[in-house]
Amino acid sequence: MKKFNFHKVLDGLTSSPGGSSGSGPGPGSGPVHPGGTAGTPREEIQENLTSDYFQLSKTVRHGFPYLPTALAFDPVQKILAIGTRTGAIRILGRPGVDCYCQHEGDAAVLQLQFLINEGALVSASSDDMLHLWNLRQKRPAILHSLKFNRERITFCHLPFQSKWLYVGTERGNTHIVNIESFILSGYVIMWNKAIELSTKTHPGPVVHLSDSPRDEGKLLIGYENGTVVFWDLRSKRADLRLYYDEAIHSIGWHNEGKQFMCSHSDGSLTLWNLKSQSRPFQIIVPHGKIQRDGKKVESCKPILKVEYKTCKNSEPFIIFSGGLSYDKPWRRPSLTIMHGKAITVLEMDHPIVDFLTLCETPYPNEVQEPYAVVVLLEKDLIVVDLTQSNFPIFENPYPMDIHESPVTCTDYFADCPPDLIPVLYSIGAKHKKQGYSNKEWPISGGVWNLGAQTYPEIIITGHADGTVKFWDASAITLQMLYKLKTSKVFEKQKVEGKPTPENTEEDPFAIQLMYWCPESRLFCVAGVSAYVIVYRFSKHEVNTEISSLEVHLQSEAEDIISPEAEMIPPFPNASTPLPSLKDLSGSTNTVASEGTMKDSIPCLSVKTRPVRMPPGYQAVLVIQLVCADGDSPQQITSLAANSAYGLVAFGNCNGLAVVDFMQKTTLLSMGSLELYGSSDPYQRQPRSPRRSKQFTADNFCMRGLSNFYPDLTKRIRTSYQSLTELSDGPVSLELERCKSPTTSDHINGHCTSPTSQSCSSGKRMSSADVSKINRRGSGKPPFRKVQSAACMEISLPVTTEETRENSISHSRSSSVSSIDKESKEAITALYFTESFSRKNDTTVSPCLWVGTGLGMVLTISLNLPTADELRQTEPVVVSPSGTVLSLKGAVLTFGCLSCTGTLIHPPYETWRDPNSTDENERTRKRKLVMHSPCSSQDMGDHQFAVVCSEKQAKVFSLPSQICLYVHNITDTSFLLRADVVTMCNSACLACFSAHGHIMILSLPSLRPLLDVHYLPVTDMRIARTFRFTNEGQALYLSSPTEVQRLNYSQEMFDNLQDMLGELFTPVETPEAQYRGFLKGLFGGTGGTLDREELFGEATAGKASRSLAQHIPGSGGVEGVKGAAGSAIGELARARIALDERGQKLGELDERTARMMASAEAFSKHAHEVSGGPRTRCQFAFLGADIMDLMCRDLSCST
């Protein structure tokens, strides 16, 4: 436990009378001292956290695999694997068993093959590599890789209980790989030997490989052009060649091995018999119509895959994807199930990527008895129950619907009240869909334990359609608890002539910001259409009208010229004249009565009739921003609420509003300039609010990440429709003017900082320069406005596939804190707390801390009624206190510490049900908790205020407002996210920067405890959704469909292996069915095939070294050593013990041989001795020989 003395840290730091430098104490402060009063020393603070408490690691990934490409299933272990276009593999078992693997490259996964019941998986990727994954450990690793140099892989097949993998290539050749050694066999089936010599054309790539269920020595090879070859592996020749006019997509065997079915590009299915070589004995076009001539059936879309599965007591199942008629282009992608004469078409919401039929037996020569079909869609995974005639689907236990509507924002809460999860689950369970299969989820493999982590965790996701989802994230799992539809408070129909915020036509209800208090269950959301909804939680249904309030926020000031910190004049103190109270407060009626706002119309219409609100979160107030003359209201950039005060505050580019949601009145509605009073630190001039209209989102000035990725970039913007949607729109001239190099730092020739001069000179602006710029007039403004880094236009490397996948016609500005040309100072952070709002305060009082895009911190005093009975009737007085602090960059977050360094939580009201049937519960007095239980002791006469901006963090002593600590976090980048969190009952500051660093700073001393380069921000989705929480947890949206969770706690890192699920469990392979004597005798099977003899090096020879290259994987011996406690670690130890035993047995054999030789010599010698009279010397010699022999044996044994 290390002690830090404020005097040593702050020795020599002073403040100039006119202001402060960027790294010094706050403006207007005197010499830096360690306490609340200048010159008064304070006691030392003990900080418990050290760097040993922190370790960064990924924990688990939730959601649907992004851009899936392949599917595989182990019928014995009952685990499922999904490959993706990005080179990732997700392996799923029972709920809780969810493993994410990633190839070293980003090559797409073409195909996956399980080594059934062996704990291994083979993946084929688009870079022509085969990989063998070891699944006998909790984090799978690659054991071997094989790189094909001269041929491209198109198809793979691994027979059940075989160690030889068949690999088909684009040239039409078939190679064979030994799975154990991952070495290529010399046995090759060349395409020119497989087809007839008279054939003049190439058959195309290999699209199918499978061995005959009847004879393992026969291999069926399907070529793209319609050629099928039945190859005899023993004789190395083709037994059968079949030809069809249409291209082949897939082939499925009948379990008896006498016939097979092919799917073709014209929507037909052909059934072939091995005895009939000339033509198929049956041709089916399931969705084709007979044409007018009555002879030919019309062509349909290609059938991409078919599976032919037999049943004991019914007709076989024929299941295929595609094959629909061309004359119905509106038909959705479908899966067709043919069972006897019944044809069932299951329409899907998304295109089908792949599907697999789950059967009772892993043996291909037995009756299959299918019981389910796993269908992998582009954006979903469903399982169909084949045992019921209506084919219901199973209820998916995995969180595969995170992206049901694109995620626009997230929040993460660890160590929540324990009663929250059961309550939310009970409410959400009432609204679950019905009609699922009553069978258990068939993918039930693996083992999962709860682990040592027991505290409840909740993740909240906001979506583009206005829904909010609450997820149980305890013990590294994810399960949806409750779903809230915020759009229910608005009318569905669109009203003609209503203005809409910039680019919100597609998703007017998109969730932009969220605030949740777990203790009071107060919930607020801010939408993209410039509204805020306040929710209260109730277990009872209620029928009531929704209260609404309209607020006007419009800037009244001219353009800002952002000065340097040295140029900021002394800030106002408590004596500075402030706006009168009548200018601050207002209501719905007063706003509407003003002449400039009488035509104000909100973007959406709130329902005016009584609305039935089911149990759960119920809206108590809707607040809407309005603008005059049809202008669009600016989007909300910050949001905070407090249940103890009954207040909600929000801000945007124009100003700040504070609303009393208990009395449903507006308490404050002010522009950013008015918050300063008469001593504005910036040079701003008043203007008419109607002089010019607000710019659209295309004219927003946003800092670019292209400074860090200057080459081969494309301009992209964030979108509320999907945080990864891209557009290549033209750049407006206004935007180019905003990108003046006079407001930039010189980093790789690009402009980033808003506080320095041109890139070429790096010279800072002088007062004269500022005056010159002011004289240029407003027509050509040379300065870009300062804004939060969380909202930016970025230039990033984008692949062609991503652009095609994610292109949209409209681009939107990110919402957190963007400032456009005409907006003057965005409100970027808000925080309710009990603190000292002025320098001369002697006791704490309710206040609101306000952070702006220019790095300024202001405090708003809140004067609430002292008696709880008067809270509903007496007005709340809200006024700026005159306190102003400054930092570099836009303010991101706040925190408040007691005099002992303990985090002070904002006060809250304990939850009570407002609609309870119990009269006492409904009318009982409000119970307020004014500070956290951990700081229930006397908080002392001073506090520490923690403020973090994009560039630096500062700790101020209150009420003196002296800057005690300052830490310049980054000069070449900027922070995207910062949170004050607790870990091991101590507070720290967690930061995530744009160049991918995760940093942890101690509090209050701001010592760096962790600085790890995790990942560069190549997508605004990451910046938008990254969240830290308590107990060393964090998350972000790694793809549009997946949530990646992180851990930065050493304790959890040590326990992570116990929390992860086991993929492989020891299971006996089911025995093959007894075929009977007569069936075995006359069934015509070829018997067992000795593949080792056929494909081994002794018979087939070695393959050409230039054909493929073997690459050892990291999951070999070195990987096994690191997997302590896992199944593979036990297996490695068993193998080592076996090797040692074998070595000892060999040594024992050698010793036995030596003893036998010695015994023979001894016998001969004894015989010679026994031939004559025994003397004492002879007996002594014989005894010496015996002792020598015994000593040698003893030394060998040791």
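Caption draft 1: The overall build of the protein, seen in detail. From N to C terminus, the protein includes 17 helices and 65 strands. For the protein, buried positions account for 57% of its 1198 residues. The long-range fraction of contacts in the protein, counting pairs at least 24 apart against all pairs at least 6 apart in sequence, stands at 63%. Accessible surface, the protein as shown: approximately 50700 Å² in total, 51% of it carbon and sulfur.

Caption draft 2: Representation of a positive patch on the surface. On the surface, a cluster of positive charge is made up of Lys433, Lys485, Lys488 and Lys492. Of note, Lys433 is situated in the loop between α3 (420-429) and β32 (457-463). A relative accessible area of 61% means that Lys433 is categorised as exposed.

Caption draft 3: A look at the packing of aromatic side chains. According to the stated counting rule, one finds 31 aromatic pairs in the structure shown. Residues Phe470 and Tyr482 carry aromatic rings whose centres are separated by 5.8 Å and whose planes lie at 45° to one another, so their mutual orientation is tilted. Taken together, the positions of Phe470 in strand β33 (residues 467-472) and Tyr482 in strand β34 (residues 479-485) put the pair 12 residues apart, joining distant regions of the chain. Each member of the pair, Phe470 as well as Tyr482, is classed as buried.

Caption draft 4: Structural detail: the sheet that holds strand β45 (residues 665-671). With antiparallel pairing, the four strands of this open sheet are ordered in space as β42-β43-β44-β45. Pairing within the sheet leaves two strands with one partner each, and these edge strands are β42 (636-642) and β45. Shown here is a sheet whose adjacent strand axes are inclined to one another by a mean of 10°, direction ignored. Note that β42 and strand β43 (residues 647-652) share six bridges and pair antiparallel. For Ile636, the partnering residue across the bridge sits in β43 and is Asn652.

Caption draft 5: Geometry of the pattern of salt bridges. This structure, assessed with the given rule, holds 31 salt bridges. In this structure, the salt-bridge partner of Asp215 is Arg234, at a minimum N-O distance of 3.6 Å. With Asp215 in the loop between β16 (206-211) and β17 (218-223) and Arg234 in the loop between β18 (227-232) and β19 (237-243), the pair connects residues that are 19 residues apart, well separated along the chain. What makes Asp215 buried here is its relative accessible area of 9%. Between Lys305 and Glu307 there is a salt bridge whose closest N-O contact spans 3.7 Å. Considered together, Lys305 and Glu307 belong to a single accessibility category, that of buried residues.

Caption draft 6: Fine view of the side chain of Glu47. Relative to the helices and strands, Glu47 is located in strand β2 (residues 45-47). Residue classification places Glu47 among the buried residues on the basis of a relative accessible area of 5%. Of the polar contacts made by the side chain of Glu47, one reaches the side chain of Ser1002; its length is 3.2 Å. Polar contacts involving the side chain of Glu47 include one to the side chain of Arg1007, which spans 3.0 Å.

Caption draft 7: Up close: the pairing of strand β26 (residues 334-339). With five of six residues buried, β26 is to be regarded as a mostly interior element. With five bridges connecting them, strand β25 (residues 317-322) and β26 associate as antiparallel partners. Bridge assignment links Ile319 to a residue of β26, and that residue is Ile337. Where β26 lies against strand β27 (residues 342-347), six bridges are found, and the strand directions are antiparallel. Bridging across to β27, His339 finds its partner in Ala342. Remark: two residues form the turn of the hairpin made by β26 and β27, two consecutive strands paired antiparallel; Gly340 in that turn has positive phi of roughly 70°.

Caption draft 8: Seen up close, the nonpolar core. In terms of nonpolar packing, the biggest core is built from 37 residues, with Phe470, Phe523 and Tyr617 touching the most fellow members. If you tally residues by element for this core, the top one is α3, at five residues. Each residue touching Phe470, except ones within four places of it in the same chain, is listed here: Leu424, Ile458, Ile459, Ile460, Gln479, Met480, Leu481, Tyr482, Trp516, Phe523 and Tyr617. Among the nonpolar cores identified, the runner-up in size contains 27 residues, and Leu976, Leu1009, Phe1026 and Tyr1048 belong to it.

Caption draft 9: Region of interest: α3. Buried within α3 we find Leu420, Ile421, Val423, Leu424, Ile427 and Gly428. Along the axis of α3, the buried positions cluster into a sector of 165°, meaning they face one direction only.

Caption draft 10: Local environment of the environment of Arg331. Within the fold, Arg331 resides in the loop between β25 and β26. If sequence neighbours within four positions are ignored, Arg331 has contacts with Leu324, Val345 and Glu347. Side-chain polar atoms of Arg331 contact the side chain of Glu347, separated by 2.9 Å.

Caption draft 11: Looking closely at helix α11 (residues 1050-1059). Among all positions of α11, only Met1052, Leu1056 and Met1059 are buried. All buried residues of α11 project into a common sector of 75° when viewed along the axis, lining one side. Next to the buried residues of α11 lie β3 (54-63), β63 (1033-1039) and β64 (1042-1049). Residue Ser1049 occupies the N-cap position of α11, its side-chain oxygen lying 3.3 Å from the main-chain nitrogen of Glu1051.

Caption draft 12: Representation of the pairing of strand β13 (residues 164-169). Of all six residues in β13, six are buried, a share of seventy percent or more. Side-chain alternation along β13 places Trp164, Tyr166 and Gly168 on one buried face and Leu165, Val167 and Thr169 on a second face that is also buried. Pairing geometry for strand β12 (residues 153-157) and β13, over four bridges, is antiparallel. Each bridged residue has a counterpart across the sheet, and for Ile153 the counterpart in β13 is Thr169.

Caption draft 13: Inspection of the confidence of the model for the protein at higher detail. Looking at the protein as a whole, the pLDDT averages 77, with 70% of positions reaching at least 70. Note on residues 932-938: pLDDT is under 50 here. Beyond four places in sequence and across chains, it has eight contacts.

Caption draft 14: Looking closely at unusual backbone geometry. Residues Leu958 and Pro959 are joined by a peptide bond in cis, for which omega reads 15°. Locating Pro959 in the fold gives a position in the loop between β56 (952-958) and β57 (962-968). In the Ramachandran plot, Glu369 falls in the positive-phi region, its phi being about 55° despite a non-glycine side chain. Classification of Glu369 by relative accessible area gives partly exposed; the value is 24%. The phi torsion at Glu1031 lies on the positive side, around 65°, for a residue other than glycine.

Rules and cut-offs
Residues numbered from 1 in each chain as written. Predicted model: local features only at pLDDT ≥ 70, side-chain atom pairs only at ≥ 80, totals over all residues. Heavy atoms only, no water. Helix = DSSP H or I, 4+ residues; strand = E, 2+ residues; numbered from the N terminus. Buried < 20%, exposed > 50% of the residue type's maximum accessible area, 1.4 Å probe, protein only. Contact = heavy atoms within 4.5 Å. Areas by Shrake-Rupley, 256 points an atom, 1.4 Å probe, with all protein chains shown as cover. Patch = residues over 30% accessible without salt bridge, like charges linked within 9 Å, V, L, I, M, F, W, Y side chains within 5 Å. Salt bridge = Lys/Arg side-chain N within 4 Å of Asp/Glu carboxyl O. Lys, Arg positive; Asp, Glu negative; His and termini not counted. Charge placed at Lys NZ, Arg CZ, Asp CG, Glu CD. Phe/Tyr/Trp six-rings, centres within 6.5 Å; stacked < 30°, edge-to-face > 60°. Pairing = 2+ DSSP bridges. Axes fitted to C-alpha atoms, helices over the stretch in contact; angles between N-to-C directions. Polar contact = N/O pair within 3.5 Å; in protein donor to acceptor, adjacent residues only side chain to side chain. Core = buried A, V, L, I, M, F, W, Y, C linked by side-chain atoms within 4.5 Å. Arc of directions from axis to C-beta. pLDDT = per-residue confidence, 0-100.

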